[in-house]
Structure formats: C-alpha cells, structure tokens
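Spelled out from the first residue to the last, the chains are:
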Amino acid sequence: MEKSIVHMDLDTFFVSCERLKNSSLNGIPVIIGGGDRGVVASCSYESRYFGVRSAMPIKMALRLCPDAKVIKGDMEYYSNMSHTVTEIIQEKVPLLEKASVDEFYIDLSGMDKFFGCYKWTNEIAGAVTKDTGLPISFALSTNKTVSKIGTGESKPTGRLEIPPQNIKPFLNPLSIKKIPMVGNVTFQLLSRLGVRTIQTLSETPVDVLHQLIGKNGTELWKKANGIDETPVIPYSERKSISSENTFSQDTIDIQGIKSILSGMVEQLAFQLRSEKWLTSVVVVKIRYSNFDTETKQCRIPYTSADHTLLKYVLDLFDKLYSRRMRIRLIGVKFTGLVHGCHQMNLFEDTEELISLYQTMDKLKLRFGNTSVGRASGLL
C-alpha cells in the first residue's frame, strides 16, 4: 500500500502568535528575540527579505533591517498555542507525530478509501486556522522527507500534494540544502565536488557518498532519490526522562539536597539537548524517612536549558518540602517531551550564554557528561 504522509508546519509561528495579539504587526518586518545582546528566535517573511534569519545576533539583524519591530517574545504563550494546535489535529487524525513545537507529521495511509487524503488534510489545516487564527502550511506525499521539503517550498500558507510520479521532477532542481539532514559542513563538502542540486546528488554513486561521509552517505542518497522509510511515531506526552537519588543516610541538609538537584537537572538537560528533546512538564519527587512519597509538577514553556529548568525544580522542591522531616530520596522528571533543536530561552539569553552551553555540551560529548558542570551542582 502506498503511504500517505503529511507534514504540517505553522508559518513563522512565534510571529504569527504575536500578530494575533497585535494586528498592527501585520505586514511589517517583525523580529522575535532578546535585547541588544540576544539572538533572533523567529522573524517574519518581511524581515527575511532583508536577510534576517533565526539564531542571528539581534544587532546584525537590525543592521540588515533597521525598521524591524523587535519583540521580546513569550514562550509560555507560544507553548500554550502549540498545545491547542496539537489537540485540534490529534482529534482528527489516526496517527500524529509532533516533531517540534510548530511542526507535525500525520500518517493517513489507507484513508483515501474513505475520504480523499488531500481533501482531509486541507480541512484539518482549515480547522487549525479557523480555531486559532494561525496560518499553517502542509505538503502531502509518500514519506516524511518529501513532505517536509514540500512544505518548505509551499510556504507561506502552502497546500501541496506530491504524488509518486512527481517526486523526482519536484526534487531534482532543488538545492541539496533543502534535504533536512544536509548541514553547512556537508553542503560545503559536496559543493566542492560540484554536487549542488538534488538531481546531481541522486545520480552520484552511493558508494562514493559512503566513502565521503560514512553511513549517512547512504541515507543522503536515499533521500535525494525520494526514499524514506522512517515511520510516523505516535505522539504521546507520557515520554519522559528522569533521575533519582537515594541517600545512604536520611538527611535534612537542604543546601546539600539543592546542590544534588542542581547536578541532576544539569545532567538531564544535557540529555535533552543531546537527544534533541524539549520538555514542557517538570516533576519533583520526595520520599521521606518514613517512606511517605510526594510529588509536585508544573507545566512550563518548552525548553532544554538547565538554568531555566533549575528554577522550576527548586521552586517545586520548596513548595513540596513542608514536613521538615528527614529525606530518604529525591527525584526529578521531565515529561511532555517533543523533538526540537537546541532551543533555549532565546528571549532572555544572550549570545554569550548560548555559546557557553554549546561549548559545555561539546566538552561533555567528548570527555564525558561529568567532565564539566555548574559549581552549584558539586558537593
């Protein structure tokens, strides 16, 4: 049976959310991000025309587009809107994967027998815009890669269907940069060899690509030829990562406990980033010396930054620890996970802080996850 896979993406999601609150932002260049030392978290198509892009320093963005309206942003608001969109789509489809805060994959395979897949997808997109006011684009094809590329090419508010016979003609003239797994290093390497279009890449012998870039070369060749067997993974907010610490002796040393919590949060946040997860729910657990166990949780804006997560964890601990009894065990869990890039609080963090995280993560990946850490997490 031919697969029917849809990729949906909310157009300039953060900007669109802000325009719902303030219609005067419609049609003008908008940049979502922090202050002068921050970076661009999102930008409107009007600002992209001048060369502004995500993760660019705000100062550089304003040099390119001095008339742009800069807004700090509200990740809690965006997270809530993301949950709303998820619920709208989830109740209408048989299989949904939430790929990030603003993009989704849907498997409609076999549904053509009951209701045209394109017509169905179009109605879902219409329902999202009608119920939330947010613009959304989609592409329908036989696999994730082609659908995702199709969405990118159809934006803004695109509606695109790429049947099997049109996949190669659609992909061939596009730049290899359009393939999701092609980063700057791979692009530069292939460009030096004269491989710049997807058609040229698809015609390159697979063993040559394997020699150049290892096992990813084979996957890259498949994607260039419109082949992708990656399944749509059912979305569930029950996914979680967690850590617990049982003390050798029951303790009432609160500062020591908070130091251990800091270390636990740092390790879990590093795991989130290395596995490309964002969390939206924080849970703290306490087991007292008499074995009574209590937990407290809160929903938070999507993040993977340990300094942000630590504030919520310590706040939950202070609210939870009320008996003034000795503690036997503490635990931290992050749940409500969605896939996302290394996304910190770009509305408050500076270039320097983001660079620090990236450097620390590289050191941990190379020398081990305990090779470097916060002083507050060390006893």
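Residues numbered from 1 in each chain as written. Predicted model: local features only at pLDDT ≥ 70, side-chain atom pairs only at ≥ 80, totals over all residues. Heavy atoms only, no water.

Novice: Describe in detail the overall build of the protein chain, supporting the description with residues and values.
Specialist: From N to C terminus, the protein chain includes 14 helices and 13 strands. Looking at the protein chain residue by residue over its 379 residues, the buried ones come to 49%. Long-range contacts, defined here as pairs at least 24 residues apart, represent 67% of the contacts in the protein chain between residues at least 6 apart. Surface exposure of the protein chain reaches about 18400 Å², of which carbon and sulfur atoms provide 51%. (Helix = DSSP H or I, 4+ residues; strand = E, 2+ residues; numbered from the N terminus. Buried < 20%, exposed > 50% of the residue type's maximum accessible area, 1.4 Å probe, protein only. Contact = heavy atoms within 4.5 Å. Areas by Shrake-Rupley, 256 points an atom, 1.4 Å probe, with all protein chains shown as cover.)

Novice: Describe the sheet that holds strand β3 (residues 40-43), listing the residues and the values that go with them.
Specialist: Read across the sheet, three strands follow the order β3-β2-β4 without closing on themselves; strand pairing throughout is mixed. Looking at strand neighbours, the two that pair on one side only are β3 and β4 (69-71), the edges of this open sheet. Along the sheet, successive strands turn relative to each other by an average axial angle of 25 degrees, direction set aside. Pairing of strand β2 (residues 30-33) with β3, which is carried by three bridges, proceeds in the antiparallel orientation. Following the sheet pairing, Gly33 is matched in β3 by Val40. On top of the sheet, helix α1 (residues 13-21) reaches β2, β3 and β4; it is set at about 105 degrees to β2, its chief contact. (Pairing = 2+ DSSP bridges. Axes fitted to C-alpha atoms, helices over the stretch in contact; angles between N-to-C directions.)

Novice: Give a detailed account of α1, specifying residues and quantitative values.
Specialist: The buried fraction of α1 is high, at seven of nine residues. Structurally, α1 contributes buried residues whose contacts are with β1 (5-10), β2, β3, α2 (45-48), β4 and α4 (75-90).

Novice: Which residues make up the environment of Ser202, and what values do they have?
Specialist: Along the chain, Ser202 turns up in helix α9 (residues 198-203). Through-space distance from the C-alpha of Ser202 to that of Asn225 is 5.4 Å; in sequence the pair is 23 residues apart. A distance of 3.4 Å separates polar atoms of two side chains, one belonging to Ser202 and the other to Lys168. (Polar contact = N/O pair within 3.5 Å; in protein donor to acceptor, adjacent residues only side chain to side chain.)

Novice: Which residues make up the packing of aromatic side chains, and what values go with them?
Specialist: Applying the stated criterion across every chain yields a total of eight aromatic pairs. Three or more aromatic residues joined by ring pairs make a cluster, and in this case those are Phe13, Phe14, Tyr77 and Tyr78. The ring of Tyr45 has Arg48 lying over it, and the distance from NZ or CZ to the ring centre is 4.8 Å. (Phe/Tyr/Trp six-rings, centres within 6.5 Å; stacked < 30°, edge-to-face > 60°. Lys NZ or Arg CZ within 6 Å of the ring centre and 35° of its normal.)

Novice: Give me the lowdown on the nonpolar core, citing residues and values where you can.
Specialist: A general tendency of soluble globular proteins is for nonpolar side chains to be buried together. Grouped together as the largest cluster of nonpolar side chains are 40 residues, with contacts concentrated most on Met8, Leu10, Phe13, Tyr78, Ile89 and Ile106. Within the residue set of this core, elements represented by two or more residues are β1, α1, β2, α4, β6 (103-107), α5 (117-132) and β7 (136-141). Residues contacting Phe13, with those up to four places away along its chain left out, are Tyr78, Met81, Ser82, Val101, Asp102 and Leu134. Listed in part, the 28 residues of the second largest apolar core include Ile260, Leu268, Leu272 and Tyr321. (Core = buried A, V, L, I, M, F, W, Y, C linked by side-chain atoms within 4.5 Å.)

Novice: With reference to specific residues and values, describe the environment of Lys222.
Specialist: Positionally, Lys222 belongs in helix α11 (residues 215-224). A relative accessible area of 30% places Lys222 in the partly exposed class. A C-alpha to C-alpha distance of 10.0 Å links Lys222 and Thr145, two positions 77 residues apart in sequence.

Novice: Lay out a nonpolar patch on the surface in plain terms, naming residues and giving numbers.
Specialist: Among the surface-exposed residues, Tyr49, Phe50, Met60 and Leu64 lie close enough to one another that they form a single nonpolar patch of about 430 Å² accessible area. Note on placement: Met60 falls in helix α3 (residues 58-64). Exposure remark for Met60: the relative accessible area of 33% places this residue in the partly exposed category. (Patch = residues over 30% accessible without salt bridge, like charges linked within 9 Å, V, L, I, M, F, W, Y side chains within 5 Å. Salt bridge = Lys/Arg side-chain N within 4 Å of Asp/Glu carboxyl O.)

Novice: Give me the lowdown on the packing of helix α10 (residues 206-213) against α11, citing residues and values where you can.
Specialist: Here α10 crosses α11 at 135 degrees, and the two axes come no closer than 6 Å. Compared by their axis directions, α10 and α11 come out oblique. The chirality of how α10 crosses α11 is right-handed. Here Val206, Leu209, His210 and Ile213 of α10 lie close against α11, whose contacting residues are Lys215, Asn216, Gly217, Thr218, Leu220 and Trp221. Looking at the contact of α10 with α11, its residues break down into five nonpolar, four polar and one charged. (Parallel < 35°, antiparallel > 145°, perpendicular 65-115°, else oblique. Left-handed = near helix turned anticlockwise from the far one by under 90°. Nonpolar A, V, L, I, M, F, W, Y, C, P; charged D, E, K, R; others polar.)

By themselves, these observations are geometric and do not establish any function.
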